[in-house]
Amino acid sequence: MDNIISIFINSIFIGNILLAYFLGMCSFLSVSKNMEASVGLGLAVTFVLAVTTPVNWLVYYYLLAPGALTWAGLPGIDLSFLKLVTFIAVVAAIVQAIEMIIDRFSPFLYSSLGVFLPLIAVNCAILGVALFMVERDYNLIESIVYGTGSGVGWMLAIVSMAAIRKKLRYADVPEGLEGFGITMISTGLMAMAFMLFSGITM
Amino acid sequence: MKKTESKTLKVLLDPLWKNNPIMVQILGICSSLAVTVQLKTAIVMAIALTMVVAFSNLAVSVLRNVIPRNIRIIAELCIVATLVIIADELLKAFMYDISKQLSVFVGLIITNCIVMGRAESFALANPPILSFLDGIGNGVGYGSVLIAVAFIRELLGSGTLLGFDVVPRIFYLSGYENMGFMLLAPAAFIIIGLLVWLQRTLLNK
């Protein structure tokens with residue numbers, strides 16, 4: 001149990017997927033201009049991460065990992081080099097399915113999340129979390145927690161960035177530093193704030 | 001003849017400075033900043049990325065009249081993923097230590113927006129050789145930013161370059177200290193921000 005809590009806290013604060021591993025920067029930079037869109041995309045990413053990470057775990061450990069095909073009578077096969085392609089395909093398929101399900105059952109949720117879902121399929125954070133999960137040898141439960149935690153951490157980062165950029169509009173930024181430059185520097189300052197959590201051990 | 005030559009050159013050289021993929025197009029910062037703590041990993045990453053962009057541009061451009069328009073994203077993704085897997089396996093085979101340090105970030109070249117971005121916006125509309133050069137130009141332009149960031153971080157953070165000590169001992173004796181902050185993630189964001197500032201100021205002159 002301790003382990004689970006520690007993975008959760010770690011993935012939100014200390015090992016924040018955006019601020020410590022630079023994943024999901026593209027959509028972070030373009031969407032954080034707008035507060036509402038940031039909240040929407042943050043929720044969508046959290047949701048997709050929570051679903052795709054365990055599915056990718058199952059796919060990896062029952063189909064791709066060395067010796068994973070033992071249940072099919074093929075213990076000598078190692079397909080792990082296919083994990084990149086498979087993970088992307090799984091993510092794209094799940095995002096598509098989620099979009100259709102939400103559209104069918106919850107028009108309200110669809111109108112708020114719907115536009116962001118296709119964007120997510122190519123978000124590096126999703127693939128990155130799946131690859132980290134393999135590299136760190138998480139089990140199924142840990143991978144669910146890690147996926148959700150990373151999503152929450154990403155959302156926290158993008159929403160705070162949206163808030164900062166809203167205030168930045170009134171700031172007098174030197175010419176040439178406006179836009180991209182100052183956004184990167186404020187992200188850096190925010191990352192520094194998040195590093196303060198790294199002294200905490202569970 | 002002169003005209004085509006200058007166009008080829010422009011395609012190759014523009015992304016290096018004037019239309020740099022990170023600085024100006026704001027593409028593909030994702031993922032790769034994490035490998036800029038050391039110069040060595042940044043250089044390997046830059047080479048891997050350049051190869052992937054160049055060959056994916058070439059492949060997409062050769063196939064551009066065959067790929068049906070509505071499934072082109074999937075086709076491009078397959079080409080890119082294949083190339084990245086090749087790069088990953090090559091690194092594992094010949095540079096095992098570095099591939100361990102790069103960990104998941106080689107795989108993440110797939111989702112790097114530069115690769116797909118160039119395939120979509122350039123290779124689909126241009127002949128193979130030009131696309132290949134465009135890929136090399138963008139890869140090198142991107143790589144040079146990575147290497148610049150890594151240079152600053154390794155020099156100030158560990159006092160070494162490519163693993164060799166470059167800061168003279170006399171500096172340390174007289175009280176100079178390495179800046180541990182440079183080795184942490186926030187430093188990369190701030191350096192990129194400052195580099196962009198520098199580049200824009202120089203360009204606007």
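Scroll up to find the structure this text is about.
Residues numbered from 1 in each chain as written. Chains lettered and ligands numbered in written order. Predicted model: local features only at pLDDT ≥ 70, side-chain atom pairs only at ≥ 80, totals over all residues. Heavy atoms only, no water.

Caption draft 1: Local environment of the interface of chain B and chain A. Taken together, the contacts link 36 residues of chain B with 36 residues of chain A. Both sides of the chain B and chain A interface together cover about 3,000 Å² of buried area, and 84% of this is carbon and sulfur. Our count for the chain B to chain A interface comes out at 0 salt bridges. Where chain B touches chain A, the interface holds 1 residue pair in polar contact (both at pLDDT 80 or more). Top contributing element to the side of chain B that touches chain A by residue count: helix 8 (residues 185-203) of chain B, with 11 residues. Tallied by class, residues from the side of chain B that touches chain A come to 27 nonpolar, 7 polar and 2 charged. (Contact = heavy atoms within 4.5 Å. Buried area = accessible area lost by both parts, 1.4 Å probe. Salt bridge = Lys/Arg side-chain N within 4 Å of Asp/Glu carboxyl O. Polar contact = N/O pair within 3.5 Å; in protein donor to acceptor, adjacent residues only side chain to side chain. Helix = DSSP H or I, 4+ residues; strand = E, 2+ residues; numbered from the N terminus. Nonpolar A, V, L, I, M, F, W, Y, C, P; charged D, E, K, R; others polar.)

Caption draft 2: Main features of the packing of helix 3 (residues 35-64) of chain A against helix 8 (residues 140-168) of chain A. Residue and element names in this part refer to chain A. Two elements in contact, helix 3 and helix 8, have axes separated by 8 Å at closest approach and are oriented at 165°. Taken as axis vectors, helix 3 and helix 8 run roughly antiparallel relative to one another. Remark: the crossing between helix 3 and helix 8 carries right-handed chirality. Split into classes, the residues belonging to the contact of helix 3 with helix 8 amount to 19 nonpolar, 9 polar and no charged. (Axes fitted to C-alpha atoms, helices over the stretch in contact; angles between N-to-C directions. Parallel < 35°, antiparallel > 145°, perpendicular 65-115°, else oblique. Left-handed = near helix turned anticlockwise from the far one by under 90°.)

Caption draft 3: Broad picture of the pattern of salt bridges. Residues and elements named next belong to chain B. One pass over the structure, following the stated rule, counts 2 salt bridges over all chains. For D88, the salt bridge is made with K92, and the minimal N-O distance between the two is 3.8 Å. Taken together, the positions of D88 and K92, both in helix 3 (residues 72-94) and 4 residues apart, correspond to about one turn of that helix. Note that R118 is salt-bridged to D134, the shortest N-O span being 3.0 Å. Taken together, the positions of R118 in helix 5 (residues 113-121) and D134 in helix 6 (residues 128-158) put the pair 16 residues apart, joining distant regions of the chain. Note on D134: relative accessible area 2%, which makes it buried. (Buried < 20%, exposed > 50% of the residue type's maximum accessible area, 1.4 Å probe, protein only.)

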